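Remarks on the overall topology
So the chains spell out like this:
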Amino acid sequence: MADLTRDEARERAGLLTVQSYEVDLDFTRGDTVFGSTSVIRFTSARVGAETVVDLIAEHIHQATLNGAPVDLTEYADGRLPLRDLEADNILAVTADYAYTNQSTGVHRAVDQADGKIYLYTMLCPAEARRVFANFDQPDLKATFTYAVTAPAHWVVLSNAAAPEPTPVEVEGSEDGAVGAVARWQFPPTPRLSAYVTAIVAGEYAYVQQPFTTRRGQVIPLGVACRASLAEYLEPEDMFAVTGQGLDFYTDLFDMDFPFTKYDQIFVPEFAAGAMENAACVTFSESFLFRSKVTSLLYESRAMVTLHEMAHMWFGDYVTMRWWGDIWLNESFAEFCGFFACVEATQYRDAWTSFASQRKTWGYTQDQLPTTHPVVSDAPTINAVLANFDGISYAKGASVLKQLVAYVGADQFFAGVRAYFAEHAWANAEFADLLRAVETASGKKDLRQWAAVWLETSGPNTLRAEFEVDGEGRYTSFAVRQEAPAEYPTLRPHHIATGLYDLEDGALRRVARVEIDAESELTPVPEFVGRAGADVVLLNDEDLGYALTRFDPRSLEVLTEHIGTFEHSLNRVVAWTAVMDMAKKAELSIPDFVRMLGVGLRAEMSISVLQTMHRRSEIIIRQFADPAWLPSGLAGLAAVAIEAVGEAEPGGDFQLAWVQMLGWTAITDEQLDLVQGLLEGTTTLPGLEVDTGLRWTLLHRLVATGRVGAELIDAEQERDATDAGTRHARAARAAVPDAGRKAEAWALLTESEELGHQGIAVVSAGFGEALHAELLAPYAVKYFEFLSVLAMARHEQVRMRLAEQLFPFACAGDELMRLIEDYLAGSEVEPGLRRVVVEAQDLTRQILRSRAL
């Protein structure tokens, strides 16, 4: 399909003004296509001009412009030309469109648990053209009036609340029968961009509850999920967080919620975490907890809930003009999601999770050879998608957090309120927001500040440089700022530096100074004359966005005491530096793992503990030498078993450490414990071995060869759901057998059965790090597959498969040669090239680390 360019969008926006859409969808046409009629009312600035309307249809039945037929033979590449425009125009297009299973357009899923059907739309960034004819760009806003024909027993939701559906007479059906059909007619929306409109339809379990904000606005709230998961919906928790968010944001923005209701729907096989459809937000089912989880997962769900809610104002009410500002859309929501968690919910330590999860994502992405500025050139939709990453979200939010600190939160949000008032229901750009914040704060240098932070790439690294006298006192102290050679920009960093001494086995802060490090070397005279500290911690309390490094004395002390900082944010800052050192071959993986075992035993934050479990698992699986890996895993599993024995029964820490056994247990004794927990012959006080934990434990037993496929079959019978099928497929892929690996490879590369979640879990099982020898033949097969993949599948699916099947287990000279040969090809698809370039860089790091 044609890739819409920024220049084309600008030209079309200059020509057209769209008043309204009337979209009529028919979901009674069978299981492959649905009917769609789109009536668009718009004006043209030039009589006689021509343009194109966007649609990706299976079959166009009819198209008329101002009553005259449109030549359908000119339809190509998702575009239908429109000629001889009048000042006022009415375009009507009737077509059949295909359902998808790729979380784009109208996704159709059938629940294997009960055979019920679920539909939802995903129209971002330019997928509305897979549902109805439209001008698919964010700055051609209009009102949308949706109508839906569907089975009468379905739930149908959209951006506005619909009255009761009206029956549709269908031959042979009776009122109220399952075969009966009804029509939902929704009222018009406010002026929206097409990509944030939505339809959700199917046999959803739906719960409603009204909420009255502190401002007195009454907002009907709804939450929904598929019927087979209704027992896990937890509407009370969702409604509580939603209400807290609505009160917080309506106060913060000093305006009512801009829509008449607010629905949040957990949908199957969703590719993203959530999507900010106006008043009809869709969420991944990964946020429905079928088994016990720790408070970190509830915090994550709350943050995503508040992230998407912030978009109702920033993104839906006021919308970016072009996709080049998608970073601002996401960065603002990301910042607000964590800000609201801390200020309005029970999750007061959410900034720790931001530092340990999201910000680290930004650091990682910013050091890849494909890094780019936060504000990057986005000449096409595909270019936007390529840069929709950790820089857009995490680095952007980190920079925005610094901007808020720089100008002051009150002044920043005063500017935001002015921005909303000026651009209500319209489009705007980053320059408009910056101008509003400049006016509100009185700071006139924001453009220069933004240029340095947002228009350049790569993170800076900060190091402490000092000298001490014979008595161990500092005679000089400074912070050195470095920049990578490829991106030699030094930036203004407002950071704190903390001095810590080891007292009674714990690190206690004895001094702290905030500085503005703007040049290569920034003196810190306040420390001169003080006794040299055991640990110097740069970016104390995580005020800035920068990599940090430790002097030799600090690193030596941290090796045994990194987990004893009093504040969780400082433990995250230290761990972030240590993990970056491990990936850069500045710290060996065995030394990192030893440090990990000691440090995490002292960890008091479940957020830090679980995040470190996940992040360290990735590092160890990718970087550890295969010959050393079993030894390293055995050491960590021993730590986990010791910690389980000391954890509070039934508490978060007990569960987190048992879950860690699900990827570390390796010795016979450790696997005996895992198998005992699974079979019930071993019990731990307070621990419920529920569905999720059973799959975790079984996967470990399978991957280590302790049990065979017969137990997988039995477990799948116990969990006869879509999720159970995914887990079973992942477990079969993890069997240490060449035949099972071949079956998994075929499922991933030759079949389109797997949705996004299925690809993720099955590829993880297939690529089990313990199976390096079994995976050796797949290095060549991977690059053969890429040549086929470039011609098939939706781009998001292509990228996910390419990323998750990359053969890191085969890291070595032969893999590097295969990479180089592939990249030397003249017709490598840009998205796949990016995946392989990033993997090449990581493979080099892996080889350097193993050499160390």
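Preceding this section is the structure that the text describes.
Not measured: the values here are computed from a predicted model.

Spatial strand order, β5-β4-β7-β2-β1-β10-β13-β12: eight strands in an open sheet with mixed pairing. Each of the sheet's edge strands pairs with one partner strand only, and the pair in question is β5 (68-69) and β12 (166-168). Relative to strand β13 (residues 181-185), strand β10 (residues 143-151) is paired through five bridges, and the arrangement is antiparallel. In the sheet register, Pro 151 faces β13, and the bridge partner there is Val 181. Its contacts with the sheet put helix α1 (residues 6-15) on β1 (16-26) and β2 (33-44), and the angle it makes with β1 is roughly 100°.

Successive side chains on a regular strand alternate, one facing one side of the sheet and the next facing the other. Residues of strand β14 (residues 199-202) alternate between two faces, with Ile 199 and Ala 201 on one and Val 200 and Gly 202 on the opposite face, all of them buried. Judged from the three bridges that link them, strand β9 (residues 117-122) and β14 form a sheet pairing that is antiparallel. Across the sheet, Tyr 120 pairs through a bridge with Val 200, a residue of β14. The sheet contact formed by strand β11 (residues 155-158) and β14 spans four bridges and is antiparallel. Its bridge partner being in β14, Ser 158 is matched across the sheet by Ile 199.

Moving on, we get to the sheet that holds strand β22 (residues 461-468). Hydrogen bonds along the backbone pair up the strands of a sheet, which may run parallel or antiparallel. With mixed pairing, the four strands of this open sheet are ordered in space as β26-β23-β22-β28. The strands lining the two open edges of the sheet, one partner per strand, are β26 (521-523) and β28 (547-548).

Quick reminder: α-helices carry 3.6 residues per turn. Residues three or four places apart thus point the same way. Under the 1.5 Å per step criterion, the end-to-end length of helix α16 (residues 652-664) is 19 Å for 13 residues, consistent within 8% with the ideal 18 Å. Buried residues dominate α16, accounting for 10 of its 13 residues.

Let's shift gears to unusual backbone geometry. The omega torsion of the bond from Cys 124 to Pro 125 falls at 0°, within 30 degrees of zero and hence cis. Here Pro 125 lies in the loop between β9 and β10. Even without being glycine, Asn 66 reaches a positive phi, approximately 55°. Structurally, Asn 66 is set in the loop between β4 (59-65) and β5. Look at Asn 66 and you get partly exposed, because its relative accessible area is 29%. With a phi angle near 60°, Asp 542 is a residue other than glycine that sits in the positive phi range. Here Asp 542 lies in the loop between β27 (535-538) and β28. On the basis of relative accessibility, which here comes to 6%, the residue Asp 542 falls in the buried class.

Quick look at the pattern of salt bridges now. The full count for this structure, using the stated rule, is 59 salt bridges. For Arg 463, the salt bridge is made with Glu 482, and the minimal N-O distance between the two is 3.0 Å. A residue pair is termed long-range when its members are at least 10 positions apart, and Arg 463 in strand β22 and Glu 482 in strand β23 (residues 474-482) qualify at 19 residues. Classification of Arg 463 by relative accessible area gives partly exposed; the value is 30%. The exposure class assigned to Glu 482 is partly exposed, which follows from its relative accessible area of 29%. With a shortest N-O distance of 2.5 Å, Glu 753 and Arg 729 are connected by a salt bridge. Of this pair, Glu 753 sits in the loop between α21 (738-750) and α22 (756-766) while Arg 729 sits in helix α20 (residues 722-733); the two residues are 24 residues apart in sequence, bridging distant segments of the chain. With relative accessibility at 24%, the residue Arg 729 sits in the partly exposed group.

This brings us to the packing of helix α12 (residues 568-583) against helix α13 (residues 589-601). Between α12 and α13, whose axes approach to 10 Å, the crossing angle comes to 160°. Considered as vectors, α12 and α13 are oriented roughly antiparallel to each other. As α12 packs across α13, the resulting crossing turns out to be left-handed. In this structure, α12 contributes Trp 575, Val 578, Met 579 and Ala 582 to the contact, and α13 contributes Ile 589, Phe 592, Met 595, Leu 596, Gly 599 and Leu 600. Taken together, the residues that form the contact of α12 with α13 break down as nine nonpolar, one polar and no charged.

This brings us to the layout of surface pockets. Of the voids in this model, the largest pocket is the one considered here, and its volume is about 580 Å³. Looking at the largest pocket, it is lined by 23 residues, and the ones nearest its centre are Gln 402, Ala 405, Tyr 406, Trp 449 and His 494. Counting residues per element, the ones that place at least two in the lining of the largest pocket are α4 (326-344), α7 (390-407), α10 (446-454), β24 (493-503) and β25 (506-517). Element by element, the count of residues in the lining of the largest pocket is highest for α7, at five residues. Partitioned by chemical class, the residues of the lining of the largest pocket number 12 nonpolar, five polar and six charged.

With that out of the way, let us pick up the environment of Thr 725. When you line up the elements, Thr 725 lands in helix α20. Distance from Thr 725 to Trp 745, taken between C-alpha atoms, is 17 Å for residues 20 residues apart in sequence. Setting aside chain neighbours within four positions, we find Thr 725 in contact with Gln 112, Gln 716 and Asp 719.

Here the focus is the nonpolar core. Phe 27 and Tyr 249 are the most contacted members of the largest nonpolar core, which totals 157 residues. Among residues more than four places away in sequence, those in contact with Phe 27 are Phe 34, Tyr 99, Val 106, Leu 119, Val 148, Thr 149, Ala 150, Pro 151, Trp 154, Ile 199 and Ala 201. With 108 residues, the next largest nonpolar core counts Leu 507, Ala 577, Val 828 and Ala 839 among its residues.

Turning our attention to helix α11 (residues 552-561). Here α11 has its buried residues at Ser 554, Leu 555, Val 557, Leu 558 and His 561. Burial along α11 is one-sided: seen end-on, the buried residues are contained in an arc of 165°. Facing away from the buried side of α11 by more than 90 degrees, the exposed set consists of Pro 552 and Glu 556. Buried residues along α11 sit against β24, β25, β27, α12 and α13. For α11, the capping residue at the N-terminal end is Asp 551, with a side-chain oxygen 3.2 Å from the backbone nitrogen of Arg 553.

So, about the pairing of strand β15 (residues 204-212). In the sheet, β15 pairs with strand β16 (residues 218-226) via nine bridges, with the strands oriented antiparallel. Bridging across to β16, Gln 208 finds its partner in Gly 222. Connecting β15 to the next strand, β16, in antiparallel fashion are five residues, including Gly 216 with a positive phi near 95°.

A full pass over the atoms with the stated rule returns 61 aromatic pairs. Ring plane angle 15° and centroid distance 4.0 Å describe the contact between Phe 314 and Phe 332, whose orientation is recorded as stacked. Placement of Phe 314 in the loop between α3 (295-311) and β20 (319-320) and of Phe 332 in helix α4 is noted, with a sequence separation of 18 residues between them. Residue classification places Phe 314 among the buried residues on the basis of a relative accessible area of 3%. By relative accessible area, which is 0% here, Phe 332 ends up buried. Of note, Arg 108 hangs over the ring of Tyr 99, and the distance from its end group to the ring centre comes to 5.8 Å. Directly above the aromatic system of Tyr 406 lies the positively charged group of Lys 443, at a separation of 4.7 Å from the ring centroid.

Counting through the fold element by element, Gln 840 comes out in helix α27 (residues 830-851). Sequence separation of Gln 840 and Ala 624 is 216 residues, and the distance between their C-alpha atoms is 17 Å. Filtering out sequence-adjacent residues up to four positions away, Gln 840 remains in contact with Met 816, Ile 819, Glu 820 and Leu 823.

Counting through the fold element by element, Pro 187 comes out in the loop between β13 and β14. Those residues within four positions of Pro 187 in sequence are excluded, and the remaining contacts are Phe 144, Ala 160, Ala 161 and Ala 162.

The rules behind the values
Residues numbered from 1 in each chain as written. Predicted model: local features only at pLDDT ≥ 70, side-chain atom pairs only at ≥ 80, totals over all residues. Heavy atoms only, no water. Pairing = 2+ DSSP bridges. Helix = DSSP H or I, 4+ residues; strand = E, 2+ residues; numbered from the N terminus. Contact = heavy atoms within 4.5 Å. Axes fitted to C-alpha atoms, helices over the stretch in contact; angles between N-to-C directions. Buried < 20%, exposed > 50% of the residue type's maximum accessible area, 1.4 Å probe, protein only. Expected span 1.5 Å × (residues − 1). Salt bridge = Lys/Arg side-chain N within 4 Å of Asp/Glu carboxyl O. Parallel < 35°, antiparallel > 145°, perpendicular 65-115°, else oblique. Left-handed = near helix turned anticlockwise from the far one by under 90°. Nonpolar A, V, L, I, M, F, W, Y, C, P; charged D, E, K, R; others polar. 1 Å grid on protein atoms, 1.4 Å probe; cavity = no way out; pocket = protein on both sides within 12 Å on 5 of 7 lines; lining within 4 Å. Points joined across faces, edges and corners; volume = space filled by probe spheres on them. Core = buried A, V, L, I, M, F, W, Y, C linked by side-chain atoms within 4.5 Å. Arc of directions from axis to C-beta. Polar contact = N/O pair within 3.5 Å; in protein donor to acceptor, adjacent residues only side chain to side chain. Phe/Tyr/Trp six-rings, centres within 6.5 Å; stacked < 30°, edge-to-face > 60°. Lys NZ or Arg CZ within 6 Å of the ring centre and 35° of its normal.

Take it as geometry only, folks, not as evidence of what the structure does.
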